[in-house]
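# Reading the structure
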Amino acid sequence: MKEFAYVRAGSVEEATSAYASHAGARYLGGGTNLVDLMKLGVERPAILVDVTRLPLDAVEELPDGALRIGAMVRNSDLAAHPLVRDRYPALSQAVLAGASGQLRNAATTGGNLLQRTRCPYFQDLSKPCNKREPGSGCGARDGVHRDHAVLGHSEHCIATHPSDMAVALTALDARVELYGPEGARSVAAADFHRLPGDRPEQDTEIRPGELVTGVVLPAATAGLPSAYRKARDRASYAFALASVAAVLRVSDGVVGGVGLAFGALAHRPWRARRAEEALLGAAPTAAAFEHAVDLELSAARPLRDNAYKVPLARGIALDVLSRLADTALTRRTS
Amino acid sequence: MTGSVGAPAERREGREKVSGTARYAAEYHFPGRAQAWPVPAAVARGRMTGVDTAAALAVPGVLAVLTHENAPRLAEPDDPTLAVLQDPRVPHRGWFVALVVAETLEAARAGAAAVRVDYAAEEHDVALTASHPGVYVPEEANGGYPAVREQGDPDGAFGSSAARVDAAYRVPPLHNHPMEPHASTARWDDGRLTVHTSSQGSGAVQGVLAGLFGVPAERIVVTAEHVGGGFGSKGTPRPDVVLAAMAARHTGRAVTVALPRRYLPAVVGHRAPTLHRLRLGADADGRLTSLVHEVTTHTSRIKEFVEQAAVPARVMYATPHSRTEHRVVALDVPSPSWMRAPGEAPGMYALESAMDELAAELGMDPVELRVRNEPDVEPDSGKPFSSRHLVECLREGARRFGWAGRDPRPGSRRDGPLLLGTGVAAATYPVMVWPATASARALPDGTFLVRVNATDIGTGARTVLAQVGADALGAPLERVRIEVGSTELPSAPLAGGSSGTASWGWAVHEACSRLARRLTEHAGPLPGQGLDARADTRGAADAESDWARHAFGAHFAEVAVDSVTGEVRVGRLLGVYAAGRILNARTARSQFVGGMTMGLGMALTEGSTMDAAFGDFTESDLASYHVPVHADVDEIEAHWLDEDDPRLNPMGSKGIGEIGIVGTAAAIGNAVHHATGVRFRELPLTPDRVLAGLLDHRAANDARTGSPVGGSGPVRGG
Amino acid sequence: MGNDQHHSETTLRVNGKPHTLTVDHRRVLLDLLREDLDLTGAKKGCDHGQCGACTVLVDGRRVNSCLLFAVALDGCEITTIEGLSGDGEEPHPLQRAFLERDAFQCGYCTPGQICSAAGMLAEAAAGHPSHVTDPATPSGEPVPLDREEVRERLSGNLCRCGAYPRIAEAVEDVIP
């Protein structure tokens, strides 16, 4: 790790202008991934703009019933917040399924979204990686890739996005709020992360200098049955082999609304739009869920050693959807 | 010998460990101490053609960059992995090619990143297969065992057996990963070398450093006061201690080399992958007629280490015909070495899985199959056992576990999407003991001081040796002080091969017994400096024994396999051991349970992949190499039988540090088969493998019965 | 070495005592504790947030000290294993329970386990759920800790010696 300058920002404007006025700047949040990558030499900032003390640490209800989570809200506080737990259980569950108690105490909402892939080739400077060093090649494609993508990968990159939280945000129709040199804007969580294409170095749609200031969960998905399920190599403290977040609204015996997203299958949380379309208006039966999920996963292009991810994702998606349907139907009749 | 031995005495260093005051090797703050950071080779095979250290030396705080061009010359070591920075050859990826010494950790790391090395890379080969053209039969396997043993006509007998199992198993490379990464702090003063190192045996470190640096051993002091685990990987010196001593000599400063976690898999040894072929033949009553265990493994280009995985098959079961054979191929891989129960851990996974398959083939209870094949003498050597209570372990384990009444049919128990099963496997580990020296002193204040260069790597050696000493002295435990962990103490062997307590304890017992005799002969008050006695067990501890001496055990496991995800969880794990006399019930239980926990990891979560293109282990850190966490470990129980064996040592003890891992993976694997009906023969049992196996099994069943895909099974219906 | 663009004066309260140091921005809390203050109780097991051996409390919350730049903690209150029991000679109840249960072998993960347990007990009391908490548990109330909860919540602390069952017992001993 080379030496770097450090500045602590007191306001969002101060942060973005500090970033803009220094080449090689990076925002420092909880640091759980950035510091890790700096130690590995993957990230080499010239200056860190510390944003952890910005007044972005609140969970607040908006007038329209939506919920805004400040970018500096720590993962553990997010998962424990009564409004999050009660209205968006999938989000709380997803956050709690990730990392460890210590890491969740440090990691921020914004930082969680911006964490980088755990692809071992990305982390190892002595190996080719198009994400780390565009044009150098991909070590994983013909290498060790059991954990890699089955959907949406490109010849340049087969990495997956490691976040659990982002999968839930994607399913719940959250929006990511940004502030940068060109002012404030927001992007749907489902569109925030990119597919690798021929620019795998670009994880997200964030523009240079932009800062994630918060995440807004819409009123539309508040209070609906939602859940997150993750499969992994050990019982805790491991990245997903596959995960799923789903939210389901059943009205008049048919699916009135559904959000379904997969984690660990692609370069971004994979919003299952085809499955959702197939389910809208259908009765929430096992057959309908199987048809919809199979339709979605028919797009999968597994690599040599990760074909298992398709039935794994299928299995947990059907499990979560059927449980949500049970909940929705029980609620309706009670 | 009565009194302290056997009692659950509290760890003597416990307070220091829970208060954070126990110091480990990297924590000795000599004045002006520098920090060093190694640079690993970035090719799998080749030569360094140039090193540019200018940028590294320009990093503020960097003191020196050592490479093969300027590092102190070493005498040729017996262990080639210690010949660091001596020549431009790169024998495997991750081999250290430079060392940056700096004022701070930050500067050292930045300096290491700035070292530029050019290589002439050569074609490499790291892929182990049983049919690799380079496979050969070595002279012997680790531990000095003959590579091949054959009795009778195993192939002929197998061919004519009523029941047969012919199966291949694979155990992947595994990493020790003790919680404390390898670390050493070294300082030269006036031609004398002081070293604090994280090692299982400081005596060996002293001897090796003396040879490498051409310094008399008496001018070198090595201490290993607290060691954060080793599990074999710190059994002999590793590059960190050589580098620390080199850097300290080169810079004239005290230097600490604390290896980054990611660098460990390449330089501290690993459990080599093993490919097993097991053939078991039996008559209709389940009596073995033939046993063939063939193992193929890898070693590095610079060092032959052959995991002795077929050796336990020479100990376990009676059979008239047998062959056990080791084969090895030298590849461009890091050098393998000891990892907890080398040989027994992977070998018994294969053998005990095959025994389970044979039981299924015969329709016999797997406990009864093992009982039926209990030998009268050690099968391969013909020697009588000094004690062997495997059958008792199996019976006692079955009783405690509630084995009776088990429905043997695979897939017979289910709890929603969870498939439940139970499994059993036997365990064995040889008794090893080495000569040691110790001293004991009686002081005028009525206390005693026992000194022995034992190493407490977490086993509780201080505590149990004090217990042994107290009983030999006939003194209360609290009167006996003990010093371990330094070459300034009477020399003693390493903590390895589950031999430490037997070896050190024997010498402590002798020294204390002699002192007790001196005290009875002594009249009047003790002189100011006290009264001394010494012991050296050479000639006794290493005397050839007419007996086959082994510990035995039985493992029982209950698992739940999630049919949706293929995730396996172990609900219960039980071990019952016959390991001689247990000297401290408290620390012994912790060792047994610890071994079983590592066995659980071997079964379910731990596995490393040799990257064929790059020639290194992909899972190099603790995020990707999955050591079990708290949530993986539910109920683990360890029990033992009172085993009275007078043919061991004065304490009557067998080693207990390794047997806990042996057999655990097989018991879990057998339980997974019982739960699912699928026989997995490759570890670890991660969801990718298990789910694929379940789906194949279901597809095969559906094809057989004509029932449609998509019925009951891994996918839950709505 | 005074303040320059790569160094800053930073004040931390460590175990109740203020320390003002000029720190290299690259210095993480773990190295500051171990190298600058000679508080070596927090251990370096991985240096990347993958093992938990470096766990300390920052403003009462458990964190991996290997991933926190010290400069960013200016003004924070740090509690390490050395200060867990306060000024008194008496060990913290968790330290005593670890001794009594033989909840360690090599001892290298132990300070992190104990600090993690202390932080975890406070989290549960403050109503923080875990991955295994029943979603039906009312939010905002203390979460009762059974064995499964303890195991899940301590999963960020690896123990290669396999003392997990004893650690869980020790923690249960001090659950109020």
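Sequence order sets the numbering: in each chain, residues are counted from 1 along the sequence as written. For naming, the first written chain is A and the first written ligand is 1, with later ones following in the order written. Reporting of local features is limited, given that this is a predicted model, to residues whose pLDDT is at least 70; pairs of side-chain atoms are given and counted only at 80 or more, and all residues count toward the totals for whole chains, interfaces and linings. Water and hydrogen atoms play no part in the side-chain values, which are based on all heavy atoms of the structure.

### What about the overall build of chain B?
A run of H or I in DSSP becomes a helix once it reaches four residues, and a run of E becomes a strand once it reaches two; helices and strands are each numbered from the N terminus. Check the secondary structure of chain B and you find 15 helices and 27 strands. Relative to its length of 718 residues, chain B is compact, with a C-alpha radius of gyration of 27 Å against a globular reference of 27 Å. In terms of principal-axis extent, the alpha carbons of chain B reach across some 80 × 70 × 55 Å. Relative to its full complement of 718 residues, chain B shows a buried share of 66%. When checking whether two residues touch, look at their non-hydrogen atoms; a contact exists if any pair is within 4.5 Å. Considering only contacts in chain B between residues 6 or more positions apart, those separated by 24 or more positions represent 81%. In the form shown here, chain B has an accessible surface area of approximately 23,200 Å², with 49% of it arising from carbon and sulfur atoms. Atoms counted for the radius of gyration: C-alpha only. Globule rule: 2.2 Å times the number of residues to the power 0.38. Accessible area is worked out with a 1.4 Å probe on protein chains only. A residue is then buried under 20% of its type maximum, exposed over 50%, and partly exposed in between. Only the protein chains shown count as cover for residues, and all accessible areas are computed by the Shrake-Rupley method using a 1.4 Å probe.

### Observations concerning the nonpolar core
We call a set of buried Ala, Val, Leu, Ile, Met, Phe, Trp, Tyr and Cys residues a nonpolar core when their side-chain atoms join them within 4.5 Å. Leu280(B), Ile668(B), Phe69(C), Phe98(C) and Val171(C) are the most contacted members of the largest nonpolar core, which totals 174 residues. In terms of residues, this core owes the most to one element, helix 8 (residues 344-362) of chain B, which gives 10 residues.

### Some thoughts on the sheet that holds strand 9 (residues 226-232) of chain A
Residue and element names in this part refer to chain A. Strand pairing is assigned whenever DSSP detects at least two bridges linking the two strands. An order of 9-10-11-12 is seen for the 4 strands of this open sheet, with the pairing classed as antiparallel. Each end of this open sheet is capped by a strand with a single partner; those strands are strand 9 and strand 12 (270-271). The axes are straight lines fitted to the C-alpha atoms, using for helices just the contacting stretch, and the angles between their N-to-C directions are given from 0 to 180°. Here helix 5 (residues 89-96) sits on the sheet in contact with strand 9 and strand 10 (240-251), set at roughly 20° to strand 9. Sheet contacts for helix 12 (residues 286-297): strand 10, strand 11 (254-263) and strand 12; angle to strand 11, the most-contacted strand, approximately 40°.

### Quick look at the packing of aromatic side chains
Residues and elements named next belong to chain B. Any pair of Phe, Tyr and Trp rings, taking the six-membered ring for Trp, is counted once the centres come within 6.5 Å. Such a pair is stacked with planes under 30 degrees apart, edge-to-face with planes over 60 apart, and tilted for the rest. Taken as a whole and judged by the stated rule, the model has 13 aromatic pairs over all chains. Aromatic pair Tyr-169 and Tyr-349: ring centres 5.9 Å apart, planes at 85°, arrangement edge-to-face. Residue Tyr-169 is found in strand 10 (residues 163-171), and its partner Tyr-349 is found in helix 8; the two are separated by 180 residues along the sequence. Residue class for Tyr-169 comes out buried when judged on its relative accessible area of 2%. Ring-pair connections join several aromatic residues into one group, and the members of that group are Phe-401, Trp-403 and Phe-556. Above the ring of Phe-401, the side-chain terminus of Arg-572 is found at 3.9 Å from the ring centroid. A positively charged side chain is recorded as over a ring if its NZ (Lys) or CZ (Arg) lies within 6 Å of the ring centre. The angle to the ring normal must also be within 35 degrees. Across the ring face of Trp-547, the terminal group of Arg-647 is positioned such that the distance to the ring centre comes to 3.8 Å.

### Points about the pattern of salt bridges
Residue and element names in this part refer to chain B. Only one rule defines a salt bridge in this text: a Lys or Arg side-chain nitrogen within 4 Å of an Asp or Glu carboxyl oxygen. Inspection of the entire model under this criterion finds 88 salt bridges over all chains. Linking Arg-89 and Glu-122 is a salt bridge whose minimum nitrogen-to-oxygen distance equals 3.0 Å. Residue Arg-89 is located in strand 4 (residues 89-90), and its partner Glu-122 is located in the loop between strand 6 (116-121) and strand 7 (140-141); the two are separated by 33 residues in the primary sequence. Classification of Arg-89 by relative accessible area gives partly exposed; the value is 30%. With its nearest N and O atoms 3.4 Å apart, the salt bridge here joins Arg-569 to Glu-567. Three or more residues joined by partner-sharing salt bridges are found here, namely Glu-150, Asp-155, Arg-279, Glu-294, Arg-323 and Glu-325.

### Thoughts on the UniProt feature "domain: FAD-binding PCMH-type" (unreviewed entry) in chain A
UniProt positions are given in the numbering used here, feature names are shortened, and annotations may be inferred rather than shown by experiment. Taken from the UniProt record, the annotation "domain: FAD-binding PCMH-type" (unreviewed entry) applies to residues 1-222 of chain A. In residues 1-222 of chain A, the share of helix is 28% and the share of strand is 17%. The end C-alpha atoms are 44 Å apart.

### Remarks on the interface of chain B and chain C
With 62 residues of chain B at the interface, the matching set in chain C holds 50 residues. Once two parts are joined, some of their accessible surface, as seen by a 1.4 Å probe, is lost; buried area is that loss totalled over both. Carbon and sulfur atoms make up 53% of the area that chain B and chain C hide from each other, which totals about 4,500 Å². In terms of surface lost to chain C, no three residues of chain B exceed Val18(B), Met179(B) and His630(B), which account for 20% of the buried area on that side. Across the chain B-chain C interface, the total number found is 8 salt bridges. As used in this structure description, the phrase polar contact means that two N or O atoms lie within 3.5 Å; if the pair is within protein, one of them must be able to donate a hydrogen and the other to accept it, and residues adjacent in sequence are counted only when both atoms belong to side chains. Taken together, the connections running from chain B to chain C amount to 33 residue pairs in polar contact (both at pLDDT 80 or more). Within the side of chain B that touches chain C, the residues separate by chemical class into 25 nonpolar, 19 polar and 18 charged. Gly is placed with the polar residues, together with every amino acid not listed as nonpolar (Ala, Val, Leu, Ile, Met, Phe, Trp, Tyr, Cys and Pro) or charged (Asp, Glu, Lys and Arg).

### Quick word on the UniProt feature "domain: Aldehyde oxidase/xanthine dehydrogenase a/b hammerhead" (unreviewed entry) in chain B
The positions UniProt marks with the feature "domain: Aldehyde oxidase/xanthine dehydrogenase a/b hammerhead" (unreviewed entry) are residues 19-123 of chain B. Taken end to end, residues 19-123 of chain B is 14% helix and 33% strand, and its two terminal C-alpha atoms sit 52 Å from one another.

### Quick word on the domain arrangement of chain B
Residue and element names in this part refer to chain B. Domain delimitation in this document rests on an assignment produced automatically or drawn from a domain database. By domain assignment, chain B separates into domain 1 (25-123 + 179-229 + 234-267), domain 2 (140-174 + 271-431 + 546-676) and domain 3 (434-536). The C-alpha-based centres of domain 2 and domain 3 are spaced at 36 Å. On the side of domain 3, 16 residues touch domain 2, which itself brings 15 residues to the contact. Taken together, both faces of the contact between domain 2 and domain 3 bury some 1,100 Å²; the carbon and sulfur share is 63%. When residues of domain 2 are sorted by the area they lose upon contact with domain 3, Leu-583, Pro-650 and Met-651 head the list and together hold 39% of the total. Applying the counting criterion to the domain 2 and domain 3 interface returns 0 salt bridges. Taken together, the links from domain 2 to domain 3 amount to 4 residue pairs in polar contact (both at pLDDT 80 or more).

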